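This is what each chain is made of:
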Amino acid sequence: MEIITVINCKGGVGKTTVTTNLAAELAMRGKRVLLLDVDAQASLTFSLISQETWKDGYKHTKTIKSWFDALLESHTPPALADFIIRPEIINNILMQQKSTGCVDLICSHLGLLNIDLNLAMLLPAANNKEQKRKYRDVHSKLKQALSNPEFRNNYDVMIIDCPPNFNIVTKNAIIASHKILIPAKPDYLSILGIEQLLESLDELIKEFNDSVENENDKVFPEKLGVVFTMIQLMKKQPIVEQKAMMDNVQEKFNIHTFNNYIIGNNSLFSVSAARLIPAIMMHGSSPTNKEIVFNMKLFVDEIESMLDFK
């Protein structure tokens, strides 16, 4: 199972849009997809299930916070698989389309903010050796849970939607991942976020690998690259200001940038979220919407070619 973390240290860049539509299209292509929402804002969660469904059925027992709570309160780690749900609407569409894929979800919760504080309290230690052991333990809890064969055998890909910060829960997601995907809006502040993120990623991986004793426990998540979002078109090309920023990222950071991008359309993506249906599954008659969906499918083509589903 491939594990992809979707992250940017800048908020409002379309991380959840990228995550939901990538998951939906991969599932349409027959892939079994598991989504994990570790953003306390729960945008991914509420893009796939209603707030009422979440409150009535999952809020207290079926979220990633519930898993961390149980983990912190017990010496026996709970099975993360017990916290998986299957969103009804998106999977009904997949069945109607006769796809053999699925989209499952582990929900988020606002209380993740407190979980991060509780994890941070575990870090202090009496000596350097003990400090390294606790650092490794705190930052690899998710990695250890995902090593369960139940995940490897039941899913082709897992996609983790992260908050726009580098807290301990986010670090757990990165340490557990095989690939890192960076959505970015091509503007000045978002580009600054990429620079900060790349530096933080390199520092985290170095610190974690320095803390492990066994060479086989070291992690080397691959940076898939930057996918640009909220693109404004002029004559079917990104506007001049955005194009300049896009070119600057590739030159400045020496990181792969995807050929295809997510075209901005507040109306389409707002309606999509309200209906709990990823935009890539909405086949309206609008030429603009068709172009947006077509571009997203081309982006998924690029991603799919970079993944190993064996």
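For the structure itself, consult the block above.
Residues numbered from 1 in each chain as written. Predicted model: local features only at pLDDT ≥ 70, side-chain atom pairs only at ≥ 80, totals over all residues. Heavy atoms only, no water.

What is the right way to look at helix H5 (residues 88-96) in this model?
An α-helix turns once per 3.6 residues; consequently, residues spaced three or four apart project the same way. For H5, the complete set of buried residues consists of Ile-90, Asn-91, Ile-93 and Leu-94. Down the axis of H5, the buried side of the element spans an arc of 155°, and every buried residue falls inside it. Of the exposed residues in H5, those oriented more than 90 degrees away from the buried face are Glu-88, Met-95 and Gln-96. Tucked inside the fold, the buried residues of H5 contact helix H1 (15-28), helix H2 (45-48) and strand E3 (102-106). Once H5 finishes, Lys-98 follows within two positions and takes phi at roughly 60°, a positive value. (Buried < 20%, exposed > 50% of the residue type's maximum accessible area, 1.4 Å probe, protein only. Helix = DSSP H or I, 4+ residues; strand = E, 2+ residues; numbered from the N terminus. Arc of directions from axis to C-beta. Contact = heavy atoms within 4.5 Å.)

What's the story with helix H13 (residues 266-275) in this structure? I'm lost.
Considered for burial, the residues of H13 that qualify are Leu-268, Phe-269 and Ser-272. One face of H13 carries all of its buried residues, which in axial projection span an arc of 90°. Of the exposed residues in H13, those oriented more than 90 degrees away from the buried face are Asn-266, Ser-267 and Ala-274. Taken together, the buried residues of H13 touch H1 and helix H14 (287-305). Positive backbone phi, at 60°, marks Leu-276, one or two positions downstream of H13.

Would you take a moment to explain the pattern of salt bridges for this structure?
Where charged atoms from two side chains of opposite charge approach closely, those side chains can pair. With the rule as written, the count across this model stands at 18 salt bridges. Lys-297 serves as the salt-bridge partner of Glu-25, at 2.8 Å between the closest nitrogen and oxygen. In this pair, Glu-25 sits in helix H1 while Lys-297 sits in helix H14, placing the two residues 272 residues apart along the sequence. By relative accessible area, Lys-297 is classed as partly exposed at 26%. Glu-304 is the salt-bridge partner of Lys-31, the closest N and O atoms lying 3.5 Å from each other. (Salt bridge = Lys/Arg side-chain N within 4 Å of Asp/Glu carboxyl O.)

Teacher, can you tell me more about a nonpolar patch on the surface here?
Taken together, Tyr-188, Leu-189 and Leu-192 make up a surface patch of nonpolar side chains, about 310 Å² in accessible area. Checked against the element boundaries, Leu-192 lands in helix H11 (residues 188-211). (Patch = residues over 30% accessible without salt bridge, like charges linked within 9 Å, V, L, I, M, F, W, Y side chains within 5 Å. Areas by Shrake-Rupley, 256 points an atom, 1.4 Å probe, with all protein chains shown as cover.)

Sorry if this is basic, but what is going on with the pairing of strand E4 (residues 157-161) here?
Remark: a regular strand shows side chains that alternate across the two faces of the sheet. Where burial is concerned, most of E4 is hidden: 5 out of the 5 residues are buried. Burial along E4 is two-sided: the face carrying Val-157, Ile-159 and Asp-161 and the face carrying Met-158 and Ile-160 are both buried.

Can you walk me through the pairing of strand E5 (residues 179-184) in this structure?
Taken across its 6 residues, E5 has 6 buried, putting it largely inside the fold. Burial along E5 is two-sided: Lys-179, Leu-181 and Pro-183 facing one way and Ile-180, Ile-182 and Ala-184 facing the other are all buried. Direction of pairing for strand E1 (residues 2-6) relative to E5: parallel, over a ladder of 3 bridges. When the sheet's bridge partners are listed, Thr-5 is paired in E5 with Ile-180. Inspection of the sheet shows E5 paired to strand E6 (residues 222-228) by 6 bridges, in the parallel sense. What sits directly across from Ile-182, in E6, is Val-226. Handedness of the crossover is the feature at issue here: the chain leaves E5, passes through H11, returns alongside E6, and the resulting connection is right-handed. (Pairing = 2+ DSSP bridges. Right-handed = clockwise from strand over helix to strand, strands pointing away.)

Keep in mind these values describe shape, not function.
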